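# Overview (structure and organization)
Spelled out from the first residue to the last, the chains are:
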Amino acid sequence: MFDLGWTEIAVIVVVAVVVIGPKDLPGAVRGVAQQIAKIRRWAAEARGTLDEVVREAKLDEVRNQINEIRNFDLKGEMERAVDPTGDLRKTFEDDPLRDLSTPVWTPPPPPKTAADIPDAPAFVPPQTLAPLPPAPPPPPPPAPPSFLPPSTPAPPGLASAPPAAAPPPPPEPVPSAQPRT
């Protein structure tokens, strides 16, 4: 526990003999041993109490877990996982043959006779009919582009502009007239 070697124990014994003295050394060793025994008993008692508390706490946890397992609804959990909205259950619970008394297909109504159709006007005035709109004019032909980059060849039929004149060369620098020192 304290990791004492033989040399450390020998030093402790020599210091105890010098400080306590050889006459009183057996009584002092006996007192230290009794104190160590009391501390060990107290530690064992505390450990036992703690172990008992832990055991009871673990038993309560185990009881709770057992109750959870007993009350676990596997069928309900599976239904919630597979069919959370209940549509699948509803599909299986509905009986598709329950309404056999009413036909699934109903024939269309018989065609109306001339007596069932209200009287149509015999004459429609021309001002109520809208004339057909005129056809839209054809779109104009596309205009030639206003700017062509130099790398693009000019389209046929478009007069090419004369090449731009080269810029004048820059003026030559004038040597400075500084006196030499």
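The rules behind each value
- Residues numbered from 1 in each chain as written.
- Predicted model: local features only at pLDDT ≥ 70, side-chain atom pairs only at ≥ 80, totals over all residues.
- Heavy atoms only, no water.
- Helix = DSSP H or I, 4+ residues; strand = E, 2+ residues; numbered from the N terminus.
- Buried < 20%, exposed > 50% of the residue type's maximum accessible area, 1.4 Å probe, protein only.
- Areas by Shrake-Rupley, 256 points an atom, 1.4 Å probe, with all protein chains shown as cover.
- pLDDT = per-residue confidence, 0-100.
- Salt bridge = Lys/Arg side-chain N within 4 Å of Asp/Glu carboxyl O.
- Patch = residues over 30% accessible without salt bridge, like charges linked within 9 Å, V, L, I, M, F, W, Y side chains within 5 Å.
- Lys, Arg positive; Asp, Glu negative; His and termini not counted.
- Polar contact = N/O pair within 3.5 Å; in protein donor to acceptor, adjacent residues only side chain to side chain.

What follows concerns the overall build of the protein. Check the secondary structure of the protein and you find four helices and zero strands. Residues counted as buried form 2% of the 181 residues belonging to the protein. Looking at the protein as shown, the accessible area adds up to about 18,400 Å², and 66% of this sits on carbon and sulfur atoms.

Let us look at the confidence of the model for the protein. The share of residues in the protein with pLDDT of 70 or more is 70%, and the mean pLDDT across the chain is 77. The secondary-structure element of the protein with the lowest mean pLDDT is helix α4 (residues 87–93), recorded at 81, while helix α1 (residues 6–20) shows the highest, at 87.

What follows covers the pattern of salt bridges. Per the counting criterion, the structure on display carries four salt bridges. For arginine 89, the salt bridge goes to glutamate 93, with nearest N and O atoms at 2.7 Å. With arginine 89 and glutamate 93 both in helix α4 and four residues apart, the pair spans about one turn of that helix. A relative accessible area of 38% means that arginine 89 is categorised as partly exposed. A relative accessible area of 53% places glutamate 93 in the exposed class.

The next subject is a nonpolar patch on the surface. On the surface, Leu4, Trp6, Ile9, Ile12, Val13 and Val17 cluster together into a nonpolar patch covering about 620 Å² of accessible area. For isoleucine 9, the position within the fold is in helix α1. For isoleucine 9, a relative accessible area of 36% gives the class partly exposed.

Examined against the element boundaries, aspartate 83 turns out to sit in the loop between α3 (74–82) and α4. The side chain of aspartate 83 is buried and forms no salt bridge, while arginine 89, the nearest opposite charge, is found at 6.1 Å. At a separation of 3.3 Å, a polar atom in the side chain of aspartate 83 contacts the main-chain amide nitrogen of aspartate 87. From its side chain, aspartate 83 meets the backbone nitrogen of arginine 89 in a polar contact 3.0 Å long.

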